[in-house]
Amino acid sequence: MSTPDHIRIRKATHMADYVIRLEFTDGRVIDMDFHPVLSDPTENPMVREFLDITRFKKFRIADKQDLVWGDHEMGFPFETLYAGDFRVHWDGKKYPGPAKLKTGRSVVRRVAASRRAGAQRTRKA
């Protein structure tokens, strides 16, 4: 998956449990459930430390691209986040993996162009 260089993460918001809403500069909005990755026994055991919801909520956006926790103790590259798929890696390629790692309860939607156009008309009025 190839993404244009000008797209970045505009905002990341904790929604509930292990779900984070990612809003991108192109209008794409993705709710990603990180629980499948955190609870996967094949992952690095240090990742399971973030099952502590207090620690999980302490994420940040690094360089408007990646989502990281702590001093890069855990992180997800832009390509994974934009695809909404944990099987997509930093190089943009999708690698085989357990189906549950795809997105969990992820929802992908794009802000409709008509909605944005309506907002612009409202501002002009």
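Residues numbered from 1 in each chain as written. Predicted model: local features only at pLDDT ≥ 70, side-chain atom pairs only at ≥ 80, totals over all residues. Heavy atoms only, no water.

Draft legend 1. The arrangement of the sheet that holds strand β6 (residues 74–76) in detail. With respect to topology, 3 strands assemble into an open sheet ordered β4-β5-β6, the strand pairing being antiparallel. Single-partner strands in this sheet number two, and they are β4 (59–62) and β6. Averaged over all pairs of adjacent strands, the angle between strand axes in this sheet comes to 25°, irrespective of strand direction. In terms of strand pairing, strand β5 (residues 66–69) meets β6 through 3 bridges, oriented antiparallel. Counted as the bridge partner of tryptophan 69 is methionine 74 from β6. (Pairing = 2+ DSSP bridges. Helix = DSSP H or I, 4+ residues; strand = E, 2+ residues; numbered from the N terminus. Axes fitted to C-alpha atoms, helices over the stretch in contact; angles between N-to-C directions.)

Draft legend 2. Spotlight on the nonpolar core. Grouped together as the largest cluster of nonpolar side chains are 23 residues, with contacts concentrated most on Phe24, Phe34, Trp69 and Leu81. At the level of secondary structure, the elements contributing two or more residues to this core comprise β2 (19–24), β3 (28–33), α1 (35–38), β5, β6 and α3 (78–83). If we ignore the near neighbours within four places in the chain, the residues touching leucine 81 are Ile9, Leu22, Phe24, Ile30, Met32, Phe34, Gln65, Asp66, Leu67 and Phe76. (Core = buried A, V, L, I, M, F, W, Y, C linked by side-chain atoms within 4.5 Å. Buried < 20%, exposed > 50% of the residue type's maximum accessible area, 1.4 Å probe, protein only. Contact = heavy atoms within 4.5 Å.)

Draft legend 3. Geometry of the pattern of salt bridges. Per the counting criterion, the structure on display carries 4 salt bridges. The salt bridge involving glutamate 49 is made with arginine 55; its shortest N-O contact spans 2.8 Å. A relative accessible area of 38% places glutamate 49 in the partly exposed class. Arginine 55 sits in the partly exposed class, given a relative accessible area of 28%. A salt bridge links arginine 55 to glutamate 73; the shortest N-O distance between them is 3.0 Å. With arginine 55 in helix α2 (residues 53–56) and glutamate 73 in the loop between β5 and β6, this residue pair connects regions lying 18 residues apart in the sequence. Three or more residues are tied together by salt bridges with common partners; here these are Glu49, Arg55 and Glu73. (Salt bridge = Lys/Arg side-chain N within 4 Å of Asp/Glu carboxyl O.)

Draft legend 4. A look at the packing of aromatic side chains. All chains considered together, the criterion is met by 13 aromatic pairs. Here the aromatic rings of tyrosine 18 and phenylalanine 56 are separated by 5.2 Å at their centres, their planes lie at 70°, and the arrangement is edge-to-face. Separated by 38 residues along the polypeptide, tyrosine 18 in the loop between β1 (9–16) and β2 and phenylalanine 56 in helix α2 bring together distant segments of the chain. For tyrosine 18, a relative accessible area of 14% puts it in the buried group. Since its relative accessible area comes to 0%, phenylalanine 56 is described here as buried. (Phe/Tyr/Trp six-rings, centres within 6.5 Å; stacked < 30°, edge-to-face > 60°.)

Draft legend 5. Examining the environment of arginine 28 more closely. As for its placement among the helices and strands, arginine 28 is situated in strand β3. Sequence separation between arginine 28 and tyrosine 82 is 54 residues; the distance between their C-alpha atoms is 8.3 Å. In this structure the side chain of arginine 28 is engaged in a polar contact, spanning 2.9 Å, whose partner is the backbone oxygen of tyrosine 82. (Polar contact = N/O pair within 3.5 Å; in protein donor to acceptor, adjacent residues only side chain to side chain.)

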